[in-house]
Amino acid sequence: MMQGSKRSLAQEALDDWLQPAHCALLVVDLQRWYVDPAECPFPRLDEEWPGNALDAIQTLMDSARAAGVPIAWTRGVEGAPDSPPVLADRWGRMPEEPRLLAGSPGWDWTPVAPAAGEVVVDKIWPDACTSSGLTEWLHSHAELKAVVLVGAYAARCVLATAHGLVSLGYVALVPDGLIVPHPDCPQEAEVAQHVVATSLGYVLPPGELTARWALLSMADDDRRVHSSLGATRSSA
């Protein structure tokens with residue numbers, strides 16, 4: 001009985017968290033320097049990297065947009081005027097080209113890119129929640145409870161941002177396989193997901209998220225149809 005009660009409570013919580021008013025999708029650093037093999041300067045241990053992660057993220061994003069889930073993007077940037085010395089040293093140890101200089105090919109988005117009206121926040125620290133632009137956006141959604149995290153790199157900026165979200169009082173939700181590992185450390189996605197699942201939030205099958213958001217989108221369509229029919233009858 002106790003185990004069943006826990007499962008029921010978790011299911012009810014998930015249903016609540018995935019309501020568009022209660023959740024957001026945060027896309028971390030899907031820039032060519034990070035995830036495009038043609039621009040990424042790091043050696044790849046897996047020739048298939050990044051696999052089908054970008055296509056899967058696009059599928060999830062389409063579902064989120066259709067359901068009305070708010071979406072924000074973070075964008076890593078080099079050479080910001082307020083970058084602290086420790087980050088200047090970090091960039092100094094990076095490969096020379098390509099870099100994350102604004103306007104460079106590596107700084108640009110992959111084909112998975114923001115739509116009109118979606119918020120883009122530049123960041124200099126791994127934890128995107130240190131950016132006032134992101135925290136202000138999160139706080140502007142007064143009923144927000146959970147944030148779905150996708151992007152790169154899994155055990156670096158994504159995991160750091162998950163910690164930041166929890167510190168702000170949000171639940172971190174990570175779709176299985178939709179956080180991209182560093183190309184020279186393919187196992188880091190599994191490690192990051194383990195940390196999220198055991199300490200920070202939940203790891204969910206992407207199909208579960210898309211299915212739930214698809215149902216919400218269909219329900220919205222039905223409501224619009226009924227509303228339109230009601231208006232038509234009233235005018236008649």
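As shown above, the structure is provided for reference.
Predicted model, so just to flag it, every value in this text is computed and none were measured. (Residues numbered from 1 in each chain as written. Predicted model: local features only at pLDDT ≥ 70, side-chain atom pairs only at ≥ 80, totals over all residues. Heavy atoms only, no water.)

Draft legend 1. Summary view of the side chain of D36. By the secondary structure assignment, D36 is in the loop between α2 (32-35) and α3 (53-67). The exposure class of D36 is buried, given its relative accessible area of 19%. A polar contact of 2.9 Å, which involves the side chain of D36, links it to the side chain of R32. Setting aside residues up to four positions removed in sequence, D36 forms contacts with Q31 and W49. (Helix = DSSP H or I, 4+ residues; strand = E, 2+ residues; numbered from the N terminus. Buried < 20%, exposed > 50% of the residue type's maximum accessible area, 1.4 Å probe, protein only. Polar contact = N/O pair within 3.5 Å; in protein donor to acceptor, adjacent residues only side chain to side chain. Contact = heavy atoms within 4.5 Å.)

Draft legend 2. Main features of unusual backbone geometry. W49 connects to P50 through a cis peptide bond whose omega is 0 degrees. Among the structural elements, P50 can be located in the loop between α2 and α3. With an omega of -20 degrees, the peptide bond between A152 and Y153 qualifies as cis. We note that D29 has phi near 55 degrees; this positive angle belongs to a residue other than glycine. Residue placement: D29 occurs in the loop between β1 (23-28) and α2. For D29, a relative accessible area of 0% translates into the label buried.

Draft legend 3. Molecular detail of helix α6 (residues 154-167). Taking 1.5 Å as the rise per residue, α6 with 14 residues should run 20 Å; its terminal C-alpha atoms sit 19 Å apart, in good agreement. For α6, every residue scored as buried is listed here: A154, C157, V158, L159, T161, A162, G164 and L165. One or two positions beyond α6, positive phi appears at G169, with a value near 100 degrees. (Expected span 1.5 Å × (residues − 1).)

Draft legend 4. Local environment of the pattern of salt bridges. Summed over all chains, the structure comprises ten salt bridges. With its nearest N and O atoms 2.9 Å apart, the salt bridge here joins D29 to K123. Pair noted here: D29 is in the loop between β1 and α2 and K123 is in strand β3 (residues 119-123), with a separation of 94 residues, a long-range link. By relative accessible area, which is 6% here, K123 ends up buried. Notably, a salt bridge pairs E47 with R44, separated by 3.6 Å at the nearest N-O pair. A relative accessible area of 58% places E47 in the exposed class. (Salt bridge = Lys/Arg side-chain N within 4 Å of Asp/Glu carboxyl O.)

Draft legend 5. Summary view of the nonpolar core. The biggest cluster of nonpolar side chains holds 39 residues, and the ones touching the most others in it are L25, V27, L60, M61, L173 and W213. When residues of this core are traced back to their parent elements, those giving at least two are α1 (2-17), β1, α2, α3, β2 (71-76), β4 (146-152), β5 (171-175) and α8 (206-235). With 27 residues, the next largest nonpolar core counts A24, C129, A154 and L159 among its residues. (Core = buried A, V, L, I, M, F, W, Y, C linked by side-chain atoms within 4.5 Å.)

Draft legend 6. The arrangement of the environment of R212 in detail. By the element assignment, R212 lies in helix α8. Judged by its relative accessible area of 17%, R212 falls in the buried class. In this structure, the C-alpha to C-alpha distance between R212 and L18, residues 194 residues apart in sequence, is 7.7 Å.

Draft legend 7. Layout of the pairing of β1. Burial analysis of β1 places six of its six residues in the buried class, the great majority of the element. Judged by which residues are buried, β1 turns out to be covered on both faces: C23, L25 and V27 on one side and A24, L26 and V28 on the other are all buried. Of the strand pairs in this sheet, β1 and β4 are connected by six bridges, and their pairing is parallel. Bridging from a neighbouring strand, C23 pairs with A146 of β4. (Pairing = 2+ DSSP bridges.)

Draft legend 8. Geometry of helix α5 (residues 132-140). The set of residues buried in α5 consists of L134, T135, W137 and L138. One side of α5 carries all its buried residues, which in axial view fall inside an arc of 160 degrees. Facing away from the buried side of α5 by over 90 degrees, the exposed positions are E136, H139 and S140. Contacts made by the buried residues of α5 are with β1, β2, β3, β4 and α6. (Arc of directions from axis to C-beta.)

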